[in-house]
Amino acid sequence: MTRTRERGQRRRRRRAIAVLAGTAALVAACVWYWGVTRRNRTDVLLQRARIAVAHAKGEQAIEFADAVIRERPGDAMALQVRAQAEAILGRFEESLRTLGAILREAPDRVDVQRMLADVLVRAGKSREAVEAYRRALALGPDDAPTWGRLARTLSSIRDFPAAEKAYRRAVELETTSRADVLVELGLMYMSVGLERQALDAFDEVIRSDEVLSVGVLTTLGRALESLGALDRARECLAKVPPSSNQYAATQVLLSRIDRRQGRPEDGRPRIEAIARDPAQAVLAVGAMAGLNVRHGPDRELIRWVDPLIDLEKLPPPLRTSWLQFRVVLADEAGDWPAAMSWLNALAEGRPQANGETRGPMGVDAARIALLGKLGETDEARCVLGSSAALASSGLGRLIAAVLGEEPKGPAGEPLYGLFECLLRGDGEGARDAAQAFRSHPTFYGSDVLGFLKEADLSDRQLLACCRQLAVAMIARESELVGLSGALCREVLVQRPSLPIAYALASQVCLDRGLPTDDLIAQLRARLPDGCLLRYLVAKQMAEGGDRAGSIRELRVLADREPSHLLVRRQLSGLLVETGHIDEALAILEPMCSQPGAFQVSAANALACLLAEHRLGRLDEAYRLAGSALQAAPGSKPVLDTFAWVEHLRGNDERALSLLTMAVHGGGSEAELHRHLGDVYSSLGETAWASYHRRQADKSASDASAKTHPTATSRPSGPVACVG
């Protein structure tokens, strides 16, 4: 009995233990299942957040990342994804705070340090980004992409010596994209005008065994062409396959190289073949849209292709660009009906805003000039009436006078005023306008006053000539220089001794880069005592290297036109070139206080002279250079001048900052590079000092080998001018 009871108790105990064990196992299984499910769920959410970031869906990524963080507070991966999403949305400060929170817990996370630097770059905090990249490289010194990013950031803050070292380190470490890094390095050298260093970097790419991408080949070709290394550019561009979307652009560039190398017979078939190919034609037009139609070689390429272009198949922006080309081609050829047709097409196709109908190239003014030439006065009035903006401008006032309408615009420049008064027969007003000439290279007050003294403003033929010259002025202002020149020639046939016709015709020649020999010969015969003749002769002498003769002519001109600032400014530049410093100072000093187009230029030039030749007046040079910089903060010559004065005052860091701003974009002025060489040398950057000094020597040699400086060019040496 007792044993039976004991056995029952044992069975009950075993049963209880089994139940408890089963319950515990079930609980453990439930806990395990719940944990696994929860972990899987958060992992899925984290993956979804990453996918959202990859697709730039910032808000969605933040939603998923926050869900993970609620389940796993402080999860570093979720925080990192959230920071990426915040950066995508432009919430840079939030992104930086999130990344900072991760780094406080795990300061050795190299990937987070790198991401922090990337966000700082996007937030415009480049100097802080440099330090972040350097911290990342301290943790992972052999990461080539990070060295490349550091180099780009250093270049953006114009610390070019440090950027060069970072690029070189990236090249050493890179195994798959050395060419990309070297091309970036070469482009950095180009951006500061260091041609030799850029070519060396590009040559490294060409000599390497790496298979170059189409992007690298195209970039190399463009860069080498701009540096004048035409054979190497051709070698790179010829490797771009026809299947590439860059093929049309490279063929256009190769045609330009053919033309530059005197082989148009190769260039023309190449570019015509691209224009005939339906798959490439639009791409070719897009590549040619950046050509300068007023530059002879580019204009020839455009003329070859033009008959093959179907405007209706071009997208609107390219159609507009090609119509502008056709206007210029027709204007150059003297085909006025065709020019009118293309201008009308431009006017019809341009977008309208607020009822205005102004368009590119001064479309309305150009149409009015052509309508005036074609005798369509009523239609010209309609065009003027439909363009309120043009009608209310200074040029619109002159147009109204030509068309016999009531002027609405404010008084324009003195030259417009002169023609307005001539058309009204207002001799007194015309004399006042002539006496206000200060900066026009071909219109001189004494020439016009001499003409007005003898002119009969009631003469119908003279009035008709003045009206035609006013139309020529409108044509020139709207870039129809061919029409302007043709109208001037017609007037000179009728009035071969009319000074204002010669003045405008000379300006058109200068606009188009044409020789003025014929005009000089005519002026010698018709107006031998005129100021215009002296100016053109002085310019011709300077271009031929006869600076002394040019100075002689300009001195006489300055005596006859004492208020003409352009003449005095050009004379001062030549005087500096020939070492007549005291005379140049005497001209420049009063100009600094005379408001007008040359006040800033004179102040800048005077500051240069004082800094170079009158060190006892360095404080005055600093004041003048500062005033010029305030008035023209983006001018390279002004930046150069102020930087050089700062260097002479011992502020080399400030001088370097200004000089790198001035040279950025590829400045080639010898004096600018020489200044950079001296400042880098003072700061201990001997390699970069030698780079810029060698470039200064090359630039000076190239300048002397091309042509002699003109009377209107920026003087060489320390004197800089604006505009």
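So, a few notes on the structure that sits alongside this text. (Residues numbered from 1 in each chain as written. Predicted model: local features only at pLDDT ≥ 70, side-chain atom pairs only at ≥ 80, totals over all residues. Heavy atoms only, no water.)

### A look at the state of the cysteines
- If you walk through the whole model with that rule in mind, you get zero disulfides.
- Of the cysteine sulfurs around C465, a residue in no disulfide, the closest is that of C466, at 7.0 Å. (Disulfide = S-S within 2.5 Å.)

### Section: the pattern of salt bridges
- For the structure on display, the rule yields 50 salt bridges.
- Between R134 and E131 there is a salt bridge, with its nearest N and O atoms 3.6 Å apart. Pair noted here: R134 and E131 are both in helix α6 (residues 126-139), with a separation of three residues, about one helical turn.
- Overall, R134 belongs to the partly exposed group, its relative accessible area being 38%.
- A residue is classified by how much of its surface remains accessible, and E131, at 41% relative accessible area, is partly exposed.
- Of the charged contacts in the structure, one is a salt bridge between D306 and R326, with a shortest N-O distance of 2.6 Å. Of the two residues, D306 is situated in the loop between α16 (296-305) and α17 (316-333) and R326 in helix α17; the sequence distance between them amounts to 20 residues. A single burial state applies to D306 and to R326, both of which are buried. (Salt bridge = Lys/Arg side-chain N within 4 Å of Asp/Glu carboxyl O. Helix = DSSP H or I, 4+ residues; strand = E, 2+ residues; numbered from the N terminus. Buried < 20%, exposed > 50% of the residue type's maximum accessible area, 1.4 Å probe, protein only.)

### Focus on the side chain of E225
- Relative to the helices and strands, E225 is located in helix α11 (residues 214-226).
- We classify E225 as buried; its relative accessible area is 7%.
- Looking at E225, its side chain comes within polar contact range of the side chain of R260, at 3.0 Å.
- Ignoring anything within four residues of it in the chain, the contact list for E225 reads L230, A233, L253, R256, I257 and R260. (Polar contact = N/O pair within 3.5 Å; in protein donor to acceptor, adjacent residues only side chain to side chain. Contact = heavy atoms within 4.5 Å.)

### Brief notes about the packing of helix α4 (residues 92-105) against helix α5 (residues 110-122)
- The interhelical angle for the contact between α4 and α5, taken along N-to-C directions, is 160°, at an axis separation of 10 Å. Classified by the angle their axes make, α4 and α5 are roughly antiparallel. With respect to the hand of their crossing, α4 and α5 are arranged in left-handed fashion. Contacts from F92, S95, L96, L99, I102 and L103 of α4 reach α5 at V112, Q113, M115, L116, V119, L120 and R122.
- Grouping the constituent residues of the contact of α4 with α5 by class yields 10 nonpolar, two polar and one charged. (Axes fitted to C-alpha atoms, helices over the stretch in contact; angles between N-to-C directions. Parallel < 35°, antiparallel > 145°, perpendicular 65-115°, else oblique. Left-handed = near helix turned anticlockwise from the far one by under 90°. Nonpolar A, V, L, I, M, F, W, Y, C, P; charged D, E, K, R; others polar.)

Remember, this is a structural readout, not a statement about activity or role.
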